[in-house]
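One letter stands for each residue in the lines below.
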Amino acid sequence: MIMATISFFWQPFDVTELNISNRLQPVSLTHPFGTDHFGRDMLSMIMVGAQTSIAVAFVAVGIGVLFGVPLGLFAANWRGSFIDDGIMRFNDLVFAFPSLVIAILITAIAGPSAFNAIVAIGIFNIPVFARISRGAALSLWQREFILSAQVAGKTGLRISTEHVLPNLMHILIVQATIQFSLGILAEAGLSYIGLGAQPPTPSWGRMLADAQTMVSLAPRLAIVPGVAIIITVLGLNLLGDGLRDALDPKLRGSMKK
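Values in this document were obtained by computation on a predicted structure and should not be read as measured data. (Residues numbered from 1 in each chain as written. Predicted model: local features only at pLDDT ≥ 70, side-chain atom pairs only at ≥ 80, totals over all residues. Heavy atoms only, no water.)

## Quick word on the overall build of the protein
Then, number 1: The number of helices and strands found in the protein is 10 helices and 0 strands.
Then, number 2: The secondary structure elements of the protein, listed N-terminal to C-terminal, are α-α-α-α-α-α-α-α-α-α.
Then, number 3: Dimensions along the principal axes, computed over C-alpha positions, put the protein at roughly 75 × 50 × 30 Å.
Then, number 4: The buried share of the protein, taken over its 257 residues, is 44%.
Then, number 5: Put simply, 67% of the contacts in the protein that link residues at least 6 apart link residues at least 24 apart.
Then, number 6: Of the roughly 13400 Å² of accessible surface on the protein, 70% is carried by carbon and sulfur atoms.
Then, number 7: With 16 positive and 14 negative side-chain charges, the protein shows a spacing of 10 Å between the two charge centroids. (Helix = DSSP H or I, 4+ residues; strand = E, 2+ residues; numbered from the N terminus. Buried < 20%, exposed > 50% of the residue type's maximum accessible area, 1.4 Å probe, protein only. Contact = heavy atoms within 4.5 Å. Areas by Shrake-Rupley, 256 points an atom, 1.4 Å probe, with all protein chains shown as cover. Lys, Arg positive; Asp, Glu negative; His and termini not counted. Charge placed at Lys NZ, Arg CZ, Asp CG, Glu CD.)

Okay, here's the thing in structure tokens:
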């Protein structure tokens, strides 16, 4: 995250500039991670590649939250009806296929690009957030303060926005963090098979794909982006665990005891 932010303002070298005479340079003060087979600085590639991975995952999660949460709240409001059943069966249909397979199908049809990767990953995030928000909302609809709001004459839409949604925020924030890390993995996977960000835009998955034929000659070409993905995903998972402990009222109460 920090490297991606820094790369917006400063990069050691231009990642679009090829210098074949400088190819496969070893680790040095000038090139802390060395250079790749095109003579590009690996540190600069990692920094700019972080922009791509994080941007794709962030927007994809935003799509899931923007469409999935209202859909889940709507289903909970109409719990037990054919509307609720229809929304849940659609979710089951999407979950019947692995997320990466759906993403590959969409990007294969629409064409490889970072935008299509965002759409593909975002579409899978919609039923995830719909299911999470519906399940949590159903338990809240039985609470006394919701019953009081119903007695006061508030509509289901108003209750969902004023009372249910604020009490779901800690769950949604934690889930968004988890989906963010999964989005980075999905983007790397799509780029690895050529369906994500296209050259000359750097991507961690694309860097791994380019390095697979040169592992015996320069293993760091695969190690550097691989470690970057591992550290980022692991850090986001730890962040999600920390946010869950900090935001969940039940866990917070047990920790105080």
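Past the structure itself, the notes keep going.
## A short note on the packing of aromatic side chains
Then, number 1: Applying the stated criterion across every chain, the model contains 2 aromatic pairs.
Then, number 2: Arranged with centres 6.3 Å apart and planes meeting at 50°, the rings of Phe74 and Trp78 form a pair that is tilted.
Then, number 3: Residue Phe74 is classed as partly exposed on the basis of its relative accessible area, which comes to 40%.
Then, number 4: For Trp78, a relative accessible area of 42% corresponds to the partly exposed category. (Phe/Tyr/Trp six-rings, centres within 6.5 Å; stacked < 30°, edge-to-face > 60°.)

## Topic: a nonpolar patch on the surface
Then, number 1: Nonpolar side chains collect at one region of the surface, where Leu100, Ile104, Tyr192 and Ile193 lie side by side and expose about 320 Å² of accessible area between them.
Then, number 2: By secondary structure assignment, the location of Leu100 is in helix α4 (residues 99-110). (Patch = residues over 30% accessible without salt bridge, like charges linked within 9 Å, V, L, I, M, F, W, Y side chains within 5 Å. Salt bridge = Lys/Arg side-chain N within 4 Å of Asp/Glu carboxyl O.)

## Regarding the packing of helix α2 (residues 42-77) against helix α5 (residues 114-140)
When two helices pack together, their arrangement is given by the angle between their axes and by how far apart the axes lie.
Then, number 1: Relative to each other, α2 and α5 sit at 35°, their axes nearing to 5 Å. Like other packed secondary-structure pairs, α2 and α5 cross with a definite hand, here right-handed.
Then, number 2: When grouped by side-chain class, the residues that make up the contact of α2 with α5 number 21 nonpolar, 6 polar and 1 charged. (Axes fitted to C-alpha atoms, helices over the stretch in contact; angles between N-to-C directions. Left-handed = near helix turned anticlockwise from the far one by under 90°. Nonpolar A, V, L, I, M, F, W, Y, C, P; charged D, E, K, R; others polar.)

## Digging into the nonpolar core
Then, number 1: Ranked by size, the top nonpolar core spans 38 residues in total, and within it Ala137, Trp141, Val164, Leu168, Ile184 and Trp204 carry the most contacts.
Then, number 2: Of all elements in the fold, only α2, α5, α6 (144-151), α7 (156-192), α8 (204-211) and α9 (220-247) reach the threshold of two or more residues within this core.
Then, number 3: Here this core takes 11 residues from α2, the largest share from any one element.
Then, number 4: Contact partners of Ile184, with chain neighbours within four places excluded, come to Ser53, Ile54, Ala57, Trp204, Thr232, Val233 and Leu236. (Core = buried A, V, L, I, M, F, W, Y, C linked by side-chain atoms within 4.5 Å.)

## Digging into unusual backbone geometry
Then, number 1: Located in the positive-phi region is Leu24, a residue other than glycine, with phi close to 55°.
Then, number 2: Tracing the sequence through the fold places Leu24 in the loop between α1 (2-7) and α2.

## Focus: the pattern of salt bridges
Then, number 1: Scanning the model with the defined rule gives 5 salt bridges in all.
Then, number 2: A salt bridge links Asp36 to Arg40, with the nearest nitrogen and oxygen atoms 2.9 Å apart.
Then, number 3: With a relative accessible area of 4%, Asp36 lands in the buried category.
Then, number 4: Residue Arg40 is classed as buried on the basis of its relative accessible area of 11%.
Then, number 5: Across the pair Arg134 and Asp84 runs a salt bridge whose closest N-O atoms are separated by 2.7 Å. One end of the pair, Arg134, is in helix α5; the other, Asp84, is in helix α3 (residues 82-95), and 50 residues separate them in sequence. The pair formed by Arg134 and Asp84 is uniform in burial state, with each residue classed as buried.
Then, number 6: Where salt bridges share partners, they join Asp85, Arg89, Asp92 and Arg131 into one cluster.

## Some thoughts on the packing of α5 against α7
Then, number 1: Where α5 meets α7, the closest approach of the two axes is 10 Å, and the angle between their N-to-C directions is 155°. In terms of axis orientation, α5 runs roughly antiparallel to α7. Two packed elements cross with a definite hand, and for α5 against α7 that hand is right-handed. Contacts from Ala117, Ile121, Asn125, Val128, Phe129, Ile132, Ser133, Ala136, Ala137 and Leu140 of α5 reach α7 at Val164, Asn167, Leu168, Ile171, Leu172, Gln175, Ala176, Gln179, Gly183, Ala186, Glu187 and Leu190.
Then, number 2: Along the lines of polarity and charge, the residues of the contact of α5 with α7 split into 15 nonpolar, 6 polar and 1 charged. (Parallel < 35°, antiparallel > 145°, perpendicular 65-115°, else oblique.)

## Details of the side chain of Ser191
Then, number 1: Inspection of the secondary structure assignment puts Ser191 in helix α7.
Then, number 2: By relative accessible area, which is 0% here, Ser191 ends up buried.
Then, number 3: The residues contacting Ser191, other than those within four sequence positions of it, are Gly196, Ala197, Ser203, Gly205 and Arg206.

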